[in-house]
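Examination of the molecular architecture
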Amino acid sequence: MRIGLIGLGRIGAFHADTLLGLPALTSLVISDARPETVARVAEDLRVGHPDATVETVTPGELLGAGLDGLVIATATPGHAEWIRAGIAAGVPTFCEKPVAASLGETIELARLEADSATPVHIGHQRRLDAGFRRAREAVASGELGFVHTIRATTHDQAPPPAEFIPTSGGIFRDCGVHDFDAIRFVTGREIASVYAVGSNKGADFFADAGDVDTGAAVLTLDDDTIVLMSTTRYNGGGHDVRMEVMGELGTIAVGLDHSLPMFSAEADVDFPRGPQHWSFMDRFRPAYRTELATFCEVAAGRVPSPCTIADALAAYRTAEACELSRAQRRPVDLTEIEGL
């Protein structure tokens, strides 16, 4: 399989390395707006994968390079343009979240996807994580009985660079959106309403950008399940992504392993023993590999997209509702948010 990749920043270079480790791949065609970055990443890939075929082209040449699939890892402002181009060329397309920088453009692209036969796979990697998939099975099988409460957590070990925050869309659109998608994925239910709050105790650049470094929300699903969600940029003990699904007959937890970045106050408890994860790429490395292997199956026409633009839109609408709720200090029903 011949896959093209546009965008060779941190996540793009990571995806390129992952793709070259997949048996389905026969060649990788990489591109970026910065020629010096293309040259550097190509050299690193050829050293790390001496038997692989790595080709370099300009962005304008990429979709004419006989691709079986396209992976988009540019900065957010480039996502919508490349998704449109991939669909127009009839090339199955994978794109990192978010789909676009605005709700309106995300809605437009969801409609474009619905009218096209070209599959699009959006990179909400928790859908391909073994723990989240096991939790989904527990809910769907009835193993937990009825589900009444969920706790969802995304805590970054350290803040991103200050220059990223003004373009991030805010903590709920950038960080919390992964939880919103995972909640829908695990439960099979829709989020009906939100009440969100936020605070700043860290660097001034969050408040300067109108953002917060810590957020929380109470979500109500369409079957009255209650979700308690929290997210922060400051979790010095390590990167912490968890979900606890509590039901009538039992509880299942995702992320409750020896990498858990906390310690017990009880003297006779030695759990967890570590080591901790320090970044999302470390925490979800196996999921990213499965995600890109699955995209190859999508591109080959063997499986449907596990996360469509319509799925990503549902999570984005929830993030929009949380930002509105935080700003106006009130509950927000999802019917208030465009895109139903």
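Before reading on, note that the structure itself is shown above.
First, a word on what this report is: a plain description of the structure on this page. (Residues numbered from 1 in each chain as written. Predicted model: local features only at pLDDT ≥ 70, side-chain atom pairs only at ≥ 80, totals over all residues. Heavy atoms only, no water.)

Bringing the sheet that holds strand β12 (residues 251-254) into the picture now. The pairing of strands in a sheet comes from backbone hydrogen bonds and takes either a parallel or an antiparallel form. Strand order in the open sheet formed by 7 strands is β12-β11-β7-β10-β9-β8-β13, and the pairing between neighbours is mixed. In the strand order of this sheet, the two ends are held by β12 and β13 (332-333), each with one partner. Bridge analysis of strand β8 (residues 191-199) against strand β9 (residues 214-221) gives 8 bridges, and the strand direction is antiparallel. Note that in β9 the partner of A196 across the bridge is A217. Relative to β9, helix α8 (residues 171-187) is tilted by about 30°, and along the sheet it contacts β7 (147-155), β8, β9, β10 (226-232) and β11 (240-247). Sheet strands touched by helix α12 (residues 309-328): β8, β9 and β13. Its angle to β8, the strand with the most contacts, is close to 50°. (Pairing = 2+ DSSP bridges. Helix = DSSP H or I, 4+ residues; strand = E, 2+ residues; numbered from the N terminus. Contact = heavy atoms within 4.5 Å. Axes fitted to C-alpha atoms, helices over the stretch in contact; angles between N-to-C directions.)

As a further point, take the environment of R189. Here R189 lies in the loop between α8 and β8. Given a relative accessible area of 33%, R189 falls into the partly exposed group. Each C-alpha atom, one on R189 and one on R46, is 45 Å from the other, the two residues being 143 residues apart in sequence. R189 has contacts with R184, L221, D222 and D223, leaving out every residue within four places of it along the chain. At 2.8 Å, the side chain of R189 forms a polar contact with the side chain of D222. (Buried < 20%, exposed > 50% of the residue type's maximum accessible area, 1.4 Å probe, protein only. Polar contact = N/O pair within 3.5 Å; in protein donor to acceptor, adjacent residues only side chain to side chain.)

In this section: the pattern of salt bridges. Under the counting rule described, the total for this entry stands at 24 salt bridges. As a salt-bridge pair, D179 and R126 come within 3.1 Å of each other at their nearest N and O atoms. Taken together, the residues D179 in helix α8 and R126 in the loop between β6 (120-123) and α6 (130-141) connect sequence positions 53 residues apart. Note on accessibility: D179 and R126 belong to one class, buried. A salt bridge links E244 to R242; the shortest N-O distance between them is 3.3 Å. Looking at E244, the relative accessible area reads 23%, which means it is partly exposed. The network of salt bridges with shared partners includes R127, D181, R184, E190 and D311. (Salt bridge = Lys/Arg side-chain N within 4 Å of Asp/Glu carboxyl O.)

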